[in-house]
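# Analysis of the macromolecular model
Listed below, chain by chain, are the residues.
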Amino acid sequence: MKSKKESVTVTAPCHVGMIMDGNRRWAKKRLLPRAAGHLSGANNVVPIVDCAFNCGAKIVTLYVFSTENAGRAEDEVASLIDLIRERAEPMAKKLFEIGARVKYSGDRSYFPQDVQDIMADVESHGASEDAPIVNMAMNYSGRAELVRACRLAAESGSITQETIEQNLYTAGLPDPDMIIRTGGEKRLSNFLLYQAAYSELFFTDTLWPDFTVKELKSMFEEYSHRTRRFGKS
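Now for a description of the structure that goes with this document. Small disclaimer: the values here were computed from a predicted structure and weren't measured.

Scoring rules and cut-offs
All residue numbers refer to positions counted from 1 along the written sequence of the respective chain. Totals for whole chains, interfaces and linings use all residues, but because this is a predicted model, local features are given only for residues with pLDDT of at least 70 and pairs of side-chain atoms are given and counted only at 80 or more. Side-chain numbers come from the whole structure's heavy atoms, not from hydrogens or water. When DSSP finds two or more bridges between a pair of strands, those strands are recorded as paired. The helix and strand labels rest on DSSP assignments: H or I over at least four residues marks a helix, E over at least two residues marks a strand, and numbering proceeds from the N terminus. For helices, the fitted line uses only the C-alpha atoms of the stretch in contact; every axis is such a line through C-alpha atoms, and the angle between N-to-C directions lies from 0 to 180 degrees. Any two residues having at least one pair of non-hydrogen atoms within 4.5 Å are treated as being in contact. By convention, a stacked pair of Phe, Tyr or Trp rings (six-membered ring in the case of Trp) has centres within 6.5 Å and planes under 30 degrees apart, an edge-to-face pair has planes over 60 apart, and any other such pair is tilted. Burial status follows relative accessibility: with a 1.4 Å probe on protein chains alone, a residue under 20% of its type maximum counts as buried, one over 50% as exposed, and anything between as partly exposed. Looking down the strands as they point away from the viewer, one classifies a crossover as right-handed if the path from the first strand across the helix to the second runs clockwise.

Here the focus is the sheet that holds strand S2 (residues 15-19). Taken in spatial order, the six strands line up as S4-S5-S3-S2-S6-S7 in an open sheet, and their pairing is parallel. On the outer flanks of this sheet lie strand S4 (101-105) and strand S7 (200-203), each paired with one strand and no other. Strand-to-strand twist across the sheet, computed as the mean angle between neighbouring axes with direction ignored, equals 20 degrees. Two strands pair when backbone bridges link them, and strand S6 (residues 178-181) and S7 are joined in this way by four bridges, in the parallel orientation. Of the residues in S7, the one forming a bridge with Ile179 is Leu201. Contacts between helix H5 (residues 113-123) and the sheet are confined to S4 and strand S5 (133-140), with S4 contributing the most and set at about 140 degrees to the helix.

This is the structure in structure tokens:
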């Protein structure tokens, strides 16, 4: 049996991270308010996630709201929180219909209590332990996650790779095999910094609301031809 860290040629990623960039530019190109771009982007989540699962993925982590997003214009932040408030449950129901379960990663204390309650209700939905996971990164910061994990590890009396990983928001999940960023930028922007050490990176100029299942399948096909070496060769 091959070790997990040996060089292997893979067929489908187990865990896919998605940086859903380009909603605001999509709206600007159409002379629409920024909120329209965020809504269009939200409407694209379920078909893309469903395609990822159909292609063999078991976990999809979506960069929904970064800690840095909180520093945007007050009206935009308010509209983003309203969108989460209005769309979280309807989106979750659609994800449940395709057999997924939903979890949230990040410092949710930033959000109003009613939004936190919605997240808790969504996470409490019964699902099989084998169900694919949609992990929503909400008020998430990779750097803040590492600081938190190290602090909690220190409080436990032992700072090791194992105790740090046990205190990440993604504890219990495998590292992402593949990270996709839409919108043309080529950086991680504070997304899964620890977990992405050996992720295969994919970038596209396509804005998130225009990202299609056809393009996703093409990326999965390219991924299947890559050889992951994990620094071994």
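Still more ground to cover, so stick around.
Right, let's talk about the packing of aromatic side chains for a bit. Going through the model one piece at a time under the given rule, you end up with nine aromatic pairs. A centroid spacing of 6.4 Å and a plane angle of 75 degrees characterise the contact between Tyr140 and Phe191, whose relative ring orientation is edge-to-face. Of the two residues, Tyr140 is situated in strand S5 and Phe191 in the loop between S6 and S7; the sequence distance between them amounts to 51 residues. Classification of Tyr140 by relative accessible area gives buried; the value is 0%.

Pairing of S4 with S5, which is carried by five bridges, proceeds in the parallel orientation. Its bridge partner being in S5, Val102 is matched across the sheet by Val134. Handedness of the S4-H5-S5 crossover: left-handed.

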